[in-house]
Amino acid sequence: MATPDFLRAVRESAGHQLLFLPGVTAIVFDDEGQVLLGRRSDTGLWAVIGGIPEPGEQPAVCAVREVYEETAVRCVVERVVLVEARPPIQYPNGDKCQFMDITMRCRAVGGEARVNDDESLEVGWFALDALPELEEFGLFRIKQASSEAPTWFAPGE
């Protein structure tokens, strides 16, 4: 994912220290029940759509924006699927982040799926029984979004 301008400015003073950041994941379904995925340009792997909200941006607005920016698909948010603090990660440049992911189930309402920015190599719709290879992060979120289970939270200690 491309680093937002506001985060670049924070990194100028914060350096590589750990930043706790919001993250939004959008699991988008079409009318046939297929899920929208993008093959990331940074890793070459298929993944669910997501990004970092801009300061003051509501998570649902971020989900809709990220889906459109990455895939040219218009969507509406239906519900929160999952909220989870992810483990800290370190990027190759030394930056450390930990994301609080809010995953939302979305419904496509327009647009044609296509690569719409430089973050994806391909985008496409996939039947749930014909998904490309995905990391557990995406598989779990698709599973939760395709069920009618209540919002998932990590168990407390």
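As a convention, each chain's residues are numbered from 1 in the sequence order in which they are written. Where local features are concerned, this predicted model is filtered to residues with pLDDT of at least 70; where side-chain atom pairs are given and counted, the filter is 80 or more; whole-chain, interface and lining totals use all residues. Calculated side-chain values reflect all of the structure's heavy atoms, with hydrogen atoms and water omitted.

## Quick notes on the pattern of salt bridges
In the sections that follow, a salt bridge refers to a side-chain nitrogen of Lys or Arg positioned within 4 Å of a carboxyl oxygen of Asp or Glu. Scanning the model with the defined rule gives 12 salt bridges in all. A salt bridge links arginine 8 to aspartate 5, with the shortest nitrogen-to-oxygen separation between them at 3.6 Å. Here the residue arginine 8 and the residue aspartate 5 both occupy positions in helix α1 (residues 5-14), the gap between them amounting to 3 residues, near one helical turn. Between glutamate 84 and arginine 86 there is a salt bridge, and its shortest N-O distance comes to 3.3 Å. Its relative accessible area of 26% is what places arginine 86 among the partly exposed residues. A network of salt bridges, in which partner residues are shared, links Glu57, Arg65, Glu66 and Glu69. For helices the rule is a DSSP run of H or I covering at least 4 residues; for strands it is a run of E covering at least 2, with both sets numbered from the N terminus onward. Here the term buried applies to any residue with accessible area under 20% of the maximum for its type, exposed to any over 50%, and partly exposed to those in between, with areas from a 1.4 Å probe on protein chains only.

## Quick notes on the environment of phenylalanine 140
With respect to the helices, strands and loops of the structure, phenylalanine 140 is situated in helix α3 (residues 136-146). For the pair phenylalanine 140 and leucine 21, spaced 119 residues apart in sequence, the C-alpha to C-alpha distance is 21 Å. With residues up to four places along the chain from it excluded, the contact list for phenylalanine 140 reads Leu82 and Trp152. In what follows, residue pairs with any heavy atoms lying within 4.5 Å of each other are defined as contacts.

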